[in-house]
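Structural features, examined
This is what each chain is made of:
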Amino acid sequence: MTVIARSLREGGFITTGGRGRSAASMTNFDAASLLLGVGAPGDNTKAAATVARLSAAALEKSLTWKRGAPDGRQKAATVPSNLNINAGDELIHVIARLLNEFELPKIGATGLRRIRPKPRVQNEDGAEIWLPQSIQLETTFDQRGWSADLEVTTSDGRLVRFVFAETQQALRHTTTELRWKRSSVTLLPPIFEAVVRCLRDEPSPVYAFPRPVD
């Protein structure tokens, strides 16, 4: 992690500042950069070069479906204006916007996190709002370049999938010795939740795991 952060800082992807109490506060963009650095396969010492390519992957399509729906089929999604996400947007900016709108699950008196689907959320004008409550990122590198899938669960139980890929123009101006090797990494939802809690200085929940059977 230290090696990745140093590379990203030198590459201008993380805000620099003083040390200790005078250190620069992490922004949503900083957090998105660090998540991409950790979530992208490759040489950690060259994380900035990797993130420079992966972060620019463009949004190709948005799909949505309801958990438990009879057909379970995905359909094209019209993303509400509160997320400000549109076709062609770069991956790093979409992650930063999702982190900004993220709704943290409540923590009960016992310290356990509680997450329950809510009714459809609307703003004061009656327009639908999506509040991300879970995010998962899968990044892939293969002969077609970088691609990424963001799977988001909203507070009303809706599942949304954002699909990203490098543009042909970007691919024409880049070369890599690893183009022939396929690699894939997945960042699970607890990682994103932990990042949001850190950004907002919120307490961390206690995760309950089943006890092993003797």
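1. Topic: the overall build of the protein chain
- The number of helices and strands found in the protein chain is 6 helices and 10 strands.
- Within the span of the protein chain, comprising 214 residues, buried residues form 42% of the whole.
- Carbon and sulfur atoms make up 51% of the accessible area of the protein chain, which amounts to about 12,700 Å² in all.

2. Quick word on helix H6 (residues 189–199)
- Every buried residue of H6 is listed here: Phe-192, Glu-193, Val-195, Val-196 and Arg-197.
- Count one or two residues on from H6 and you reach Asp-201, which has phi positive near 55°.

3. Remarks on the packing of aromatic side chains
- Overall, the coordinates contain 1 aromatic pair when judged by the stated rule.
- Centroid distance Phe-141 to Trp-146: 5.0 Å. Interplanar angle 55°. Geometry classified as tilted.
- Residue Trp-146 is classed as buried on the basis of its relative accessible area of 6%.

4. Notes on unusual backbone geometry
- Phi is positive for Asn-84, close to 55°, though the residue is something other than glycine.
- The topology assignment puts Asn-84 in the loop between strand E2 (75–76) and helix H4 (91–101).

5. Observations regarding the pattern of salt bridges
- Per the stated rule, a full pass over the model turns up 6 salt bridges.
- Arg-53 is paired through a salt bridge with Glu-166; the nearest N and O atoms lie 2.7 Å apart. Of this pair, Arg-53 sits in helix H3 (residues 47–54) while Glu-166 sits in the loop between strand E9 (158–165) and helix H5 (168–172); the two residues are 113 residues apart in sequence, bridging distant segments of the chain. Each member of the pair, Arg-53 as well as Glu-166, carries the same accessibility label: buried.
- Across the salt bridge formed by Asp-142 and Arg-144, the nearest N and O atoms sit 3.0 Å from each other.
- Given a relative accessible area of 4%, Asp-142 falls into the buried group.

6. A short note on helix H1 (residues 2–10)
- All of the buried residues along H1 are Ile-4, Ala-5, Ser-7 and Leu-8. In a view along the axis of H1, the buried residues occupy a sector of 165°, so they form one face of it. Structural note: H1 exposes Thr-2 and Glu-10 on the side pointing more than 90 degrees away from its buried face.
- Packed against the buried residues of H1 are helix H2 (28–39) and H3.
- Once H1 ends, the next one or two residues include Gly-12, with phi positive near 85°.

7. With respect to the packing of H2 against H4
- Following both chains from N to C, one finds H2 and H4 inclined at 120°, their axes separated by 8 Å at the closest point. Taken together, the axes of H2 and H4 lie oblique to each other. The two elements H2 and H4 meet at a crossing, and its hand is right-handed. Here Asn-28, Phe-29, Ala-31, Ala-32, Ser-33, Leu-35 and Leu-36 of H2 lie close against H4, whose contacting residues are Leu-91, Ile-92, His-93, Ile-95, Ala-96, Leu-99 and Asn-100.
- Here the contact of H2 with H4 is composed, by residue class, of 10 nonpolar, 4 polar and no charged.

Calculation criteria
Residues numbered from 1 in each chain as written. Predicted model: local features only at pLDDT ≥ 70, side-chain atom pairs only at ≥ 80, totals over all residues. Heavy atoms only, no water. Helix = DSSP H or I, 4+ residues; strand = E, 2+ residues; numbered from the N terminus. Buried < 20%, exposed > 50% of the residue type's maximum accessible area, 1.4 Å probe, protein only. Areas by Shrake-Rupley, 256 points an atom, 1.4 Å probe, with all protein chains shown as cover. Phe/Tyr/Trp six-rings, centres within 6.5 Å; stacked < 30°, edge-to-face > 60°. Salt bridge = Lys/Arg side-chain N within 4 Å of Asp/Glu carboxyl O. Arc of directions from axis to C-beta. Contact = heavy atoms within 4.5 Å. Axes fitted to C-alpha atoms, helices over the stretch in contact; angles between N-to-C directions. Parallel < 35°, antiparallel > 145°, perpendicular 65-115°, else oblique. Left-handed = near helix turned anticlockwise from the far one by under 90°. Nonpolar A, V, L, I, M, F, W, Y, C, P; charged D, E, K, R; others polar.

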